Amino acid sequence: MHEAPPTPSPTSPAAPAEPLSHGLKQRHLTMLGLGGVIGAGLFVGSGAGIAVAGPAIVVSYLIAGALAMLVMRMLGEMSAAMPASGSFSVHAERALGRWAGFSVGWLYWFLLVVVLAVEATAAAQIAHGWVPGVEPWAWVLLFMVVFTVANLTAVKNFGEFEFWFASLKVGAIVVFLVLGGLAVFGLLPDTDPVGMTNLTGQGGFLPNGWSGVVSGVLTVVFAFGGLEVVTIAAAETDDPARAVGRAVRSAVVRILFFYVGSMLVIVTVLPWTAQQAGLSPYVKVLDAIGVPSAGQIMNIVVFVALLSALNANLYGSSRMIFSLAERGEAPRGLLKVSGGGAEKGGGSTGQAGGVPRRAVLASVAFGFVSVLLNLLWPDTVFLYMLNSVGAVLLFVWALIAASQLRLRARLEQEAPDALALRMWWFPYLTWVTLAGLLGVLLLMLTDDAARPQVLWSAGATALVLLVAVAREWRERKGPQVHERKPSALTGR
């Protein structure tokens, strides 16, 4: 596979301007970074992790969170130096070649539009419980229409939706941590100090040994997916390099605090044996400390979390496919943006314009297809589709790490001033991250429940790679093959 075709470095004056709006503010990006991974996977899915790891789920979250934090640091380094709407897809192309940018871009787009169906359906089920007279499919239609309209208008609308969604989720976790902390010390009415009893009883801190911790990592690692959207959104701020640097620095630390802090409160207040997979451990704790209507309160929080994720995934998928079109890896008709900009560099930068409406519609159209498959054949067709993206996040993270290995060396030689945000202990921690991701994939292969996801995802990845290789082979046969390819980073 040959090097990527000429792509001027964004650090170079010759770099083409993005035709997208710059309507996102720093507060939007910061809250997107915080709220992007605080979803149903934390509020409900964490119960499954506690069931297999016990109190040691805290360690599982520390391991998974550290892995996600390292990936985000690498992605932040590249995005601060070379901000682009395609983020890691653009980085992969510049580092490894067109095949890598094409593959990771389309895989991530497919991941987002499939997961979008899960989120819309789950939110509809909650809404149907509140208003039984409205069928779930009608709620799904309503959600999809509302967020499609929001994403078709100014990008600041997406930013405002996510800002308030994330604020509610963050606020809910802060209140939970405060109430849980007071309960631990017996400072709430009708409560006695808990102490360390639940951390050391019922089999001890490691009731299922280190194998339980490993199983917990496999259960919770995917809950950190979604942080990547921050670097995609950074391209639509006034100062992308500074914005992404601040968002990455603040988000990773706070998310570790929210996740690990929440788990520590949960397993300290209640015995780990009281938790069940599929039931929210947050509801269990709130019920135990006497918070009235805890279940309904958490239903509202989970509902908001699902809508937030749906909104973010629609945004991220539209920008990813727009970036693919911009680089000739998707139909160029998707480059049409609001405000009259039809071609690269010709769009509006005002807040009311510069929205890739055709890219939004293409993403939501496939999202509707995914929803229909989920409603009609949830246990057959859609299950296979869901399995085919089950491990894609790990493949994306691995390509981010591989891209950072290549681009860091080039940036240090050609544009060292662009490295405003640097990966810690490069290249050692990058290699540690790659090894960790490989380890998680191998462990998933040994797990009966996770194995189908790895195999189906590997099949989907192989198919996309085959298409990428076939495209490059076909283009090599064209007249442009005789031209010398300059460096993808420097243009020389």
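Predicted model, so just to flag it, every value in this text is computed and none were measured.

## Topic: the confidence of the model for the protein chain
Okay, so step 1: In the predicted model, the protein chain carries a mean pLDDT of 81, and the fraction of residues at 70 or more is 89%.
Okay, so step 2: Mean pLDDT values over the elements of the protein chain span from 75, in helix α1 (residues 26-35), up to 92, in helix α18 (residues 428-446).
Okay, so step 3: Under a pLDDT of 50 for its full length, residues 1-17 has, in the predicted model, 37 contacts with residues more than four places off or in other chains.
Okay, so step 4: pLDDT under 50 marks residues 481-488. Its contacts with residues more than four places away, or in other chains, come to 15 contacts.

## A word on helix α3 (residues 46-53)
Okay, so step 1: Those residues of α3 that sit buried are Ser46, Gly47, Gly49, Ile50 and Ala53. On an axial view of α3, the arc spanned by its buried residues comes to 160 degrees, and they lie on one face.
Okay, so step 2: Close packing links the buried residues of α3 with α2 (40-43), α4 (57-81), α10 (209-220), α12 (240-269) and α13 (281-288).

## Re the packing of helix α6 (residues 98-130) against helix α7 (residues 136-152)
Okay, so step 1: At a closest axis distance of 8 Å, the pairing of α6 and α7 adopts a crossing angle of 125 degrees. Here α6 lies oblique to α7, going by the angle between them. Once α6 is placed against α7, the crossing between them reads as right-handed. Residues Leu116, Ala120, Thr121, Ala123, Ala124, Gln125, Ala127 and His128 of α6 form the contact with α7, whose own contacting residues are Pro136, Trp139, Val140, Phe143 and Met144.
Okay, so step 2: Of the residues belonging to the contact of α6 with α7, the class tally is 10 nonpolar, three polar and no charged.

## Regarding the packing of aromatic side chains
Okay, so step 1: This structure, assessed with the given rule, holds 19 aromatic pairs.
Okay, so step 2: Here phenylalanine 257 and phenylalanine 258 contribute two aromatic rings whose centre-to-centre distance is 5.7 Å and whose plane-to-plane angle is 55 degrees, an arrangement assigned as tilted.
Okay, so step 3: You can call phenylalanine 258 buried: its relative accessible area is 6%.
Okay, so step 4: For arginine 27, the ring lying beneath its charged end belongs to phenylalanine 163, and the centroid distance is 4.7 Å.

## A closer look at the packing of helix α17 (residues 392-414) against α18
Between two packed helices, both the angle of their axes relative to each other and the distance between the axes serve to describe the pair.
Okay, so step 1: As a packed pair, α17 and α18 sit with axes 9 Å apart at the nearest point and diverge in direction by 160 degrees. When the interaxial angle is binned, α17 and α18 end up roughly antiparallel. Seen along the crossing, α17 lies across α18 with a hand that is left-handed. Of the residues in α18, those touching α17 at Leu394, Phe395, Trp397, Ala398, Ala401, Ala402, Gln404 and Leu405 are Thr430, Trp431, Leu434, Leu437, Val440, Leu441 and Met444.
Okay, so step 2: Here the residues of the contact of α17 with α18 are counted per class, giving 13 nonpolar, two polar and no charged.

## Focus: the environment of alanine 123
Okay, so step 1: On the secondary structure map, alanine 123 appears in helix α6.
Okay, so step 2: Along the primary structure alanine 123 and leucine 306 are separated by 183 residues, whereas in three dimensions their C-alpha atoms are 6.0 Å apart.
Okay, so step 3: The contacts of alanine 123, once residues within four sequence positions are left out, are Phe143, Phe303, Leu306 and Leu307.

## Describing the side chain of serine 79
Okay, so step 1: As for its position among the elements, serine 79 is in helix α4.
Okay, so step 2: Overall, serine 79 belongs to the buried group, its relative accessible area being 3%.
Okay, so step 3: Setting aside residues up to four positions removed in sequence, serine 79 forms contacts with Ser87, His91, Thr231 and Val244.

## What to know about a nonpolar patch on the surface
Okay, so step 1: On the surface, Trp137, Leu141, Val145, Val149, Leu372, Leu375, Leu376, Trp377 and Val381 cluster together into a nonpolar patch covering about 850 Å² of accessible area.
Okay, so step 2: Secondary-structure elements contributing two or more residues to the nonpolar patch are α7 and α15 (357-376).
Okay, so step 3: The element best represented in the nonpolar patch is α7, accounting for four residues.

## Notes on α18
Okay, so step 1: In a regular helix each residue adds 1.5 Å, so 19 residues correspond to 27 Å; α18 covers 27 Å between its end C-alpha atoms and thus fits that length.
Okay, so step 2: Those residues of α18 not exposed but buried are Leu429, Thr430, Thr433, Leu434, Leu437, Val440, Leu441 and Met444. Taken around the axis of α18, the buried residues stretch over an arc of 150 degrees, which confines them to a single face. Opposite the buried face of α18, at more than 90 degrees from it, the exposed residues are Tyr428, Trp431 and Thr446.
Okay, so step 3: Looking at the buried positions of α18, the neighbouring elements they touch are α4, α10, α17 and α19 (451-476).

## Comments concerning the pattern of salt bridges
Okay, so step 1: Tallied over the entire structure, the rule returns eight salt bridges.
Okay, so step 2: Between glutamate 329 and arginine 471 there is a salt bridge, and its shortest N-O distance comes to 2.7 Å. With glutamate 329 in the loop between α14 (294-326) and α15 and arginine 471 in helix α19, this pair connects stretches of sequence that are 142 residues apart.
Okay, so step 3: The exposure class assigned to glutamate 329 is buried, which follows from its relative accessible area of 4%.
Okay, so step 4: Among the residues examined, arginine 471 registers a relative accessible area of 17% and is labelled buried.
Okay, so step 5: Between arginine 451 and aspartate 448 there is a salt bridge, with the nearest N and O atoms lying 3.0 Å from each other.
Okay, so step 6: Classification of arginine 451 by relative accessible area gives partly exposed; the value is 29%.
Okay, so step 7: One connected set of salt bridges, linked through shared partners, spans Glu77, Arg408, Glu412 and Arg422.

## Digging into the side chain of serine 403
Okay, so step 1: With respect to the element layout, serine 403 can be found in helix α17.
Okay, so step 2: Given the relative accessible area of 1%, serine 403 is considered buried.
Okay, so step 3: In this structure serine 403 touches Met78, His91, Ala92, Ala95 and Leu96, once residues within four positions along its chain are discounted.

## Quick word on unusual backbone geometry
Okay, so step 1: For the bond running from phenylalanine 426 to proline 427, omega is 0 degrees, close enough to zero to count as cis.
Okay, so step 2: Secondary-structure assignment places proline 427 in the loop between α17 and α18.
Okay, so step 3: If you check the backbone angles, glutamine 202 has positive phi at about 50 degrees while not being a glycine.
Okay, so step 4: When you line up the elements, glutamine 202 lands in the loop between α9 (197-200) and α10.
Okay, so step 5: One non-glycine residue with positive phi stands out, namely serine 293, at about 55 degrees.
Okay, so step 6: Counting through the fold element by element, serine 293 comes out in the loop between α13 and α14.
Okay, so step 7: Exposure remark for serine 293: the relative accessible area of 53% places this residue in the exposed category.

The rules behind each value
Residues numbered from 1 in each chain as written. Predicted model: local features only at pLDDT ≥ 70, side-chain atom pairs only at ≥ 80, totals over all residues. Heavy atoms only, no water. pLDDT = per-residue confidence, 0-100. Helix = DSSP H or I, 4+ residues; strand = E, 2+ residues; numbered from the N terminus. Contact = heavy atoms within 4.5 Å. Buried < 20%, exposed > 50% of the residue type's maximum accessible area, 1.4 Å probe, protein only. Arc of directions from axis to C-beta. Axes fitted to C-alpha atoms, helices over the stretch in contact; angles between N-to-C directions. Parallel < 35°, antiparallel > 145°, perpendicular 65-115°, else oblique. Left-handed = near helix turned anticlockwise from the far one by under 90°. Nonpolar A, V, L, I, M, F, W, Y, C, P; charged D, E, K, R; others polar. Phe/Tyr/Trp six-rings, centres within 6.5 Å; stacked < 30°, edge-to-face > 60°. Lys NZ or Arg CZ within 6 Å of the ring centre and 35° of its normal. Patch = residues over 30% accessible without salt bridge, like charges linked within 9 Å, V, L, I, M, F, W, Y side chains within 5 Å. Areas by Shrake-Rupley, 256 points an atom, 1.4 Å probe, with all protein chains shown as cover. Salt bridge = Lys/Arg side-chain N within 4 Å of Asp/Glu carboxyl O. Expected span 1.5 Å × (residues − 1).

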